[in-house]
Amino acid sequence: LGGLSMRHCVTLARALGRRIGSGLRIPVFLYEEAASRPERRRLESLRHGGLDGLSRRMAKDSIWRPDFGPNRLHPSAGATVVGARPPLIAFNVNLASRDLGAACEIAERIRASGGGLPGVKALGVELASRGLVQVSTNVTDFHGSPLHRVFLAVKEEAAKKGILIESSELVGLIPVEAMAQVAEHQLQLEQFSLDRILEVRLERLLSARSGTQGEAAEAGSSAGRSPAASVDSFLLAVAGAKPTPGSGSVAALVAASAAALGVKACAVTIPTAVNRKGPARGLGARLKRLQALRVRLERLIRADARAYDAVVASRKLPGQDPKRDRQLTRALRLATEVPLDVAAAALRTAEELRGVVSGAKGSVASDARVGRDLAVAACRSALNITEENMKSIKKQAVVNVLRKKVRGLRELLVVVRGL
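Counting restarts for each chain: residues are numbered from 1 in the order of the written sequence. Selection of residues for local features in this predicted model requires a pLDDT of at least 70, selection of side-chain atom pairs for listing and counting requires 80 or more, and totals for whole chains, interfaces and linings are taken over all residues. Heavy atoms throughout the structure, all of them, feed into the side-chain values; hydrogens and water do not.

**Remarks on the overall build of the chain**
And step 1. Runs of H or I in DSSP of at least four residues are treated as helices and runs of E of at least two as strands, each being numbered from the N terminus. In terms of helices and strands, the chain carries 13 helices and 6 strands.
And step 2. Expressed along its principal axes, the backbone C-alpha trace of the chain runs to roughly 85 × 55 × 40 Å.
And step 3. Three labels apply to residues, based on accessible area from a 1.4 Å probe with only protein chains included: buried if under 20% of the type maximum, exposed if over 50%, partly exposed otherwise in between. Taken across its 419 residues, the chain has 39% of its residues classed as buried.
And step 4. By element, 53% of the accessible surface of the chain is carried by carbon and sulfur atoms, the whole surface being about 23000 Å². Per-residue and other accessible areas were derived by the Shrake-Rupley procedure at a 1.4 Å probe size, with only the shown protein chains allowed to occlude residues.

**Examining the sheet that holds strand E6 (residues 165-171)**
And step 1. Strand pairing follows a simple DSSP-based rule, namely that at least 2 bridges must link the two strands. Overall, antiparallel pairing links the 4 strands, which are arranged E4-E5-E3-E6 in an open sheet. Of all the strands in the sheet, the pair left with one neighbour each is strand E4 (120-127) and E6. Going across the sheet, the axis of each strand differs from the next one's by a mean of 20 degrees, ignoring polarity.
And step 2. Bridging between strand E3 (residues 89-95) and strand E5 (residues 132-139) involves 7 bridges; their strand directions are antiparallel. Within E5, the position partnered with Asn94 by the bridge is Gln134. Here the axes come from fitting lines to C-alpha atoms, over the contacting stretch only for helices, and the angles between their N-to-C directions go from 0 to 180 degrees.

**Regarding the nonpolar core**
And step 1. In terms of nonpolar packing, the biggest core is built from 55 residues, with Leu290, Val356 and Leu383 touching the most fellow members.
And step 2. Looking at this core, the elements with two or more residues in it are helix H9 (247-273), helix H10 (283-315), helix H11 (324-359), helix H12 (362-390) and helix H13 (396-418).
And step 3. At 15 residues, the largest contribution of residues to this core is made by H11.
And step 4. When near neighbours in sequence (up to four residues on either side) are disregarded, Leu290 contacts Ala259, Gly262, Val263, Cys266, Thr349, Glu352, Leu353 and Val356.
And step 5. Joining through side-chain atoms within 4.5 Å is the link that ties buried Ala, Val, Leu, Ile, Met, Phe, Trp, Tyr and Cys residues into a set, and such a set is a nonpolar core. Grouped together as the second largest cluster of nonpolar side chains are 23 residues, Phe91, Ala102, Val135 and Phe142 included. The contact criterion used throughout is that any non-hydrogen atoms of two residues lie within 4.5 Å.

**With respect to the confidence of the model for the chain**
And step 1. Residue-level confidence of the predictor is what pLDDT reports, using numbers from 0 through 100. Of the residues in the chain, 91% reach a pLDDT of 70 or more, and the chain-wide mean stands at 86.
And step 2. Here residues 212-229 is a poorly scored stretch, pLDDT under 50, and it has 28 contacts once near neighbours within four places are set aside; other chains count.
And step 3. Across residues 274-279 the pLDDT falls below 50, and counting only partners more than four positions away or on other chains, this stretch makes 9 contacts in the model.

**Focus on unusual backbone geometry**
And step 1. Following Thr244, the chain continues into Pro245 via a peptide bond in cis, with omega recorded as 0 degrees.
And step 2. Tracing the sequence through the fold places Pro245 in the loop between helix H8 (231-238) and H9.
And step 3. Phi at Arg25 is positive, roughly 60 degrees, even though this residue is not glycine.
And step 4. Checked against the element boundaries, Arg25 lands in the loop between helix H1 (6-23) and strand E1 (28-32).
And step 5. Phi is positive for Gln188, which is not a glycine, with a value near 50 degrees.
And step 6. Considering the arrangement of structural elements, one finds Gln188 in the loop between helix H6 (176-187) and helix H7 (198-219).
And step 7. Looking at Gln188, the relative accessible area reads 67%, which means it is exposed.

**Thoughts on the pairing of E1**
And step 1. Counting buried positions over the 5 residues of E1 gives 5, a clear majority of the element.
And step 2. Inspection of the sheet shows E1 paired to strand E2 (residues 80-84) by 5 bridges, in the parallel sense. By the bridge assignment, Tyr31 is partnered in E2 with Gly83.

**Section: the layout of surface pockets**
And step 1. Cavity means a closed set of points on a 1 Å grid over the protein atoms alone, one where a 1.4 Å probe fits but cannot get out, pocket means an open set with protein on both sides within 12 Å along at least 5 of 7 lines, and lining means a residue has an atom within 4 Å of a point. Grid points are joined across faces, edges and corners, and a volume is the space filled by probe spheres set on the points. There is about 290 Å³ of room inside the second largest pocket.
And step 2. What lines the second largest pocket is a set of 14 residues, and nearest its centre among them are Leu43, Glu44, Arg47, Lys121 and Asn138.
And step 3. Elements with a contribution of two residues or more to the lining of the second largest pocket: E1, helix H2 (43-47), E4 and E5.
And step 4. Only Asp, Glu, Lys and Arg are considered charged, only Ala, Val, Leu, Ile, Met, Phe, Trp, Tyr, Cys and Pro nonpolar, and every remaining residue, Gly among them, polar. A breakdown of the residues in the lining of the second largest pocket according to their chemical character gives 5 nonpolar, 4 polar and 5 charged.

**Quick word on the packing of helix H5 (residues 147-160) against H6**
And step 1. It is at 8 Å that the axes of H5 and H6 come closest, and there the two elements cross at 65 degrees. Within the contact between the two elements, H5 uses Leu147, His148 and Leu152 and H6 uses Gln181, Val182, His185 and Gln186.
And step 2. When grouped by side-chain class, the residues that make up the contact of H5 with H6 number 3 nonpolar, 4 polar and no charged.

**Notes on H5**
And step 1. In this scheme, a helix's expected span is set at 1.5 Å multiplied by one less than its residue total. Spanning 14 residues, H5 covers 20 Å between terminal C-alpha atoms, matching the ideal 20 Å at 1.5 Å per step.
And step 2. Listing the buried residues of H5 in full gives Leu147, His148, Val150, Ala153, Val154, Glu157 and Ala158.
And step 3. In this structure, the buried side of H5 is in contact with E3, helix H4 (100-110), E4, E5, E6 and H6.

**With respect to the pattern of salt bridges**
Side chains that differ in charge, positive against negative, can pair when their charged atoms come close.
And step 1. The salt bridge definition used is simple: a Lys or Arg side-chain nitrogen within 4 Å of an Asp or Glu carboxyl oxygen. For the structure shown, the criterion picks out 17 salt bridges.
And step 2. Arg286 serves as the salt-bridge partner of Glu352, at 2.9 Å between the closest nitrogen and oxygen. Placement of Glu352 in helix H11 and of Arg286 in helix H10 is noted, with a sequence separation of 66 residues between them.
And step 3. Glu352 sits in the buried class, given a relative accessible area of 12%.
And step 4. Accessibility expressed as a relative area gives 23% for Arg286, which makes it partly exposed.
And step 5. Here Lys391 ties to Glu388 by a salt bridge, and the two come within 3.2 Å at their closest N and O atoms.
And step 6. Residues participating in the shared-partner salt-bridge network are Arg42, Glu44 and Lys121.

**Regarding the packing of aromatic side chains**
Here the distance between the centres and the angle between the planes together describe a pair of aromatic rings.
And step 1. Between 30 and 60 degrees the pair is tilted, below 30 it is stacked and above 60 it is edge-to-face, where a pair is any two Phe, Tyr or Trp rings, Trp via its six-membered ring, whose centres lie within 6.5 Å. Within this structure, the stated rule accounts for 1 aromatic pair.
And step 2. Both rings, one in Phe29 and one in Trp64, keep their centres 6.5 Å apart while their planes meet at 55 degrees; by these two values the pair is tilted. Within this pair, whereas Phe29 is found in strand E1, its partner Trp64 is found in the loop between helix H3 (50-60) and E2, the two being separated by 35 residues in sequence. Both residues of the pair, Phe29 and Trp64, count as buried.

What follows is the structure, given as structure tokens:
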């Protein structure tokens, strides 16, 4: 999950929806982040009125034509939905009571649609076999509404009615980050982050090593593969005699570090900003975008090294080799496009961090400011690298396209720095 962006998930959702619609002849509606229309973003809107209600809407209103498949229900399968969204946590709180009305009232007060917690859906449910009632929730945004906040909200509303909490339950899986939020809050841990969890640290190290080995095998050589799993080894490689990792990888690392600082600032601020108005309320979305940018930039660190290695390998081919010119041209273009991608991602990081600075908690506002300045510097440096590498490309048409992109990014960079 850590290596996937929401944009990629949307692409997968649409591809799957197309296969279901064309192959199985079942009408498919896309929802949440994959939705093609705002009316169909919420799952509740699609389910309203059941199959009969959906069938009538499909027949009468063009807005309700399915994204894929026929414009009528399948005789046995009905219709289906395919969506892309952050992980959903099914979290239920059991009340030491048989009062279903009380559970329903509590659910109404804590859910987002009732003016309660953002990203929380809730219902009151009777558990007759256990002789109690339950507030059943789906938490669709655990950054905006951590589980401990959901639990405390139910507990406080129940206490107003003289009802105690019996227990809580988790249905299905939960992201480790959500459990870490609970631990940090309940234990009041100082300077806590996911990196303090042993299994998380080991998993990241193993993933980094696995990724480096896979890239080396794909290229047929391990020469110049970087970065290694630790900062020390990466800096040693930068300082070494080999051409890679070079300035493009370093620019990507700086921008990734800037994004990480933004994630930190958001993560520290969000638990205390849920009920605040103003800029802080948008930090949950910024956190997700900054996480995706950090992952993207980490990949570009390695991509830049691979691109330059390809240039070196192409130049070593014999001059009479008919493949040499074609391979060198392709390698030079890639070695120019990668730092251009770094510049674009760094600029987006700077834009996000500009918003984080205005909403971040005082103790981490300086982190966000440093991150913003680093992202701007990384963007400017990556653009300089791009322009330098363009000098080696002989095809003028390619150079013109790249030059136009560079000019556009420089103009945007001026705007971001000015703001």
